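Reading the structure
In case you want the letters, here they are:
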Amino acid sequence: FNLGMACLHGRGLPRDQERAARWLRTAAERGDSRAQVQLGLLLMDEGQPFHRPEEGRDWLMRAAESDEPEAQFNIGLLYFEGRIVPRDIPQAALWFQGAAEKGHARAQTLLGSLLLKGTGVPLQEAQGVEWIRQAALSADPEAQFLMGTLHLEGPPIHPDRERPILFPGGGSMTMWQ
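Just so we're clear, the structure is a prediction, and the values are computed from it rather than from any experiment. (Residues numbered from 1 in each chain as written. Predicted model: local features only at pLDDT ≥ 70, side-chain atom pairs only at ≥ 80, totals over all residues. Heavy atoms only, no water.)

1. Let's talk about the overall build of the protein
Note the cut-off: By the criteria applied, helices consist of DSSP H or I runs no shorter than four residues and strands consist of E runs no shorter than two, each listed in order from the N terminus. Only protein chains enter the area calculation, which uses a 1.4 Å probe; residues under 20% of their type maximum are buried, those over 50% are exposed, and those in between are partly exposed. Using a 1.4 Å probe, the Shrake-Rupley method yields the accessible areas, and only the shown protein chains count as cover for residues.
Per the secondary structure count, the protein includes nine helices and two strands. In the protein, the succession of helices and strands from N to C terminus is α-α-α-α-α-α-α-α-α-β-β. Relative to its 177 residues, the protein shows a buried fraction of 46%. Entry remark: accessible area of the protein is about 9300 Å², with carbon and sulfur atoms responsible for 52%.

2. Some points on helix H9 (residues 141-153)
Defined as follows: Each helix should span, by expectation, one fewer than its residue count multiplied by 1.5 Å. Within this analysis, the arc is defined by the directions that extend from the helix axis to the C-beta atoms.
Look at H9: 18 Å from first C-alpha to last across 13 residues, which is about the 18 Å you get at 1.5 Å a residue. Every buried residue of H9 is listed here: Ala143, Met147 and Leu150. Within H9, the buried residues cover an arc of 60° as seen down the axis, which keeps them to one side. Residues Pro141, Phe145 and Leu152 are exposed on H9 and point more than 90 degrees away from its buried face.

3. Quick look at the packing of aromatic side chains
So the rule is basically this: Each Phe, Tyr or Trp ring, with Trp reduced to its six-membered ring, pairs with another whose centre is within 6.5 Å; inter-plane angles below 30 degrees give stacked pairs, above 60 give edge-to-face pairs, and intermediate values give tilted ones. To sit over a ring, a charge needs its Lys NZ or Arg CZ within 6 Å of the ring centre and within 35 degrees of the ring normal.
Within the structure shown, the criterion is met by two aromatic pairs. Judged by centre distance (5.9 Å) and plane angle (35°), the rings of phenylalanine 73 and phenylalanine 96 are tilted. Taken together, the residues phenylalanine 73 in helix H5 (residues 69-81) and phenylalanine 96 in helix H6 (residues 89-100) connect sequence positions 23 residues apart. As far as burial versus exposure is concerned, phenylalanine 73 and phenylalanine 96 are alike and both buried. Look at phenylalanine 80 and phenylalanine 96: their rings are 6.3 Å apart centre to centre, the planes differ by 50°, and that puts the pair in the tilted class. Of this pair, phenylalanine 80 sits in helix H5 while phenylalanine 96 is found in helix H6, placing the two residues 16 residues apart along the sequence. Owing to a relative accessible area of 25%, phenylalanine 80 belongs among the partly exposed residues under this scheme. Given the relative accessible area of 0%, phenylalanine 96 is considered buried. Taken together through their ring pairs, the aromatic side chains of Phe73, Phe80 and Phe96 make up a single cluster. The ring of phenylalanine 1 is capped by arginine 34, whose NZ or CZ atom sits 4.0 Å from the centre of that ring. The cationic tip of arginine 87 hangs over the ring face of phenylalanine 80; the distance from NZ or CZ to the ring centre is 5.4 Å.

4. Here's the deal with the packing of H5 against H6
The condition that has to hold: As a rule, the C-alpha atoms of each element are fitted with a line to give its axis, helices using only the stretch in contact, and angles between N-to-C directions run from 0 to 180 degrees. When an angle is under 35 degrees it counts as roughly parallel; over 145 it counts as roughly antiparallel; between 65 and 115 it counts as roughly perpendicular; any other value is oblique. Handedness of a helix crossing follows the sense of rotation of the near helix relative to the far helix, less than a right angle counterclockwise being left-handed and clockwise being right-handed. In this description, contact between two residues means that some pair of their heavy atoms is separated by no more than 4.5 Å.
In contact at an axis separation of 8 Å, H5 and H6 are set at 165° when each is read in the N-to-C sense. Of the possible angle classes, the one that applies to H5 and H6 is roughly antiparallel. For the pair H5 and H6, the crossing hand works out as left-handed. Along its contact with H5, which presents Pro69, Gln72, Phe73, Ile75, Gly76, Leu77, Tyr79 and Phe80, the element H6 presents Ile89, Gln91, Ala92, Trp95, Phe96, Gly98 and Ala99.

5. Quick notes on the packing of helix H7 (residues 105-117) against helix H8 (residues 125-137)
Between H7 and H8, whose axes approach to 7 Å, the crossing angle comes to 160°. With respect to H8, the element H7 is oriented roughly antiparallel. Regarding H7 and H8, the two cross each other, and that crossing is left-handed. Between H7, through Ala105, Gln108, Thr109, Leu111, Gly112, Ser113, Leu115 and Leu116, and H8, the contact on the second element is made entirely by Glu125, Gln127, Gly128, Val129, Trp131, Ile132, Gln134 and Ala135.

6. Focus: the nonpolar core
Formally: Each nonpolar core is a collection of buried residues, namely Ala, Val, Leu, Ile, Met, Phe, Trp, Tyr and Cys, held together in the definition by side-chain atoms within 4.5 Å.
Among the nonpolar cores identified, the biggest contains 27 residues, and Leu60, Phe73, Ile75, Tyr79, Phe96 and Leu111 are the most heavily contacted of them. Secondary structure elements with two or more residues in this core: helix H3 (33-44), helix H4 (53-65), H5, H6 and H7. Among the elements that make up this core, the one with the highest residue count is H6 (seven residues). Here isoleucine 75 is in contact with Arg57, Leu60, Met61, Ala64 and Trp95, once residues within four sequence places are set aside.

See the structure below:
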């Protein structure tokens, strides 16, 4: 894994994507979930001469199924964007949740946004705000922006819902129509 990453980023070795892929494949085949993630992402990179997106997805899935949060996040993105797999927001939310529960800040932000808006999942405003808050505390810039927006403008809601939303720690705001 380490040699693959050194070749991938040119740290101590010449930068060489194909050599990186070979080292990462060796580690991935031995069950290293970090190598499986990196190899999967490398194979899905359209700029690579060895671009094989389906194989990349398969490596990511192997890592995701072994509870690797970065892989779970990336599988969620594939479902969210409809890349290599059919677009499926509820499935994306499940993968984001797996990564979010392990502290993956970007997954927390995206899951929180889906829950807050009820996009492809049941509307759960308070839980959505909590996921976004956790990501913001982990220094995710998008989550920090969203929290600021929520405090200034209120969350996006349906016009027939006028009630306060409670923030963790005791704050509240009135949702506007």
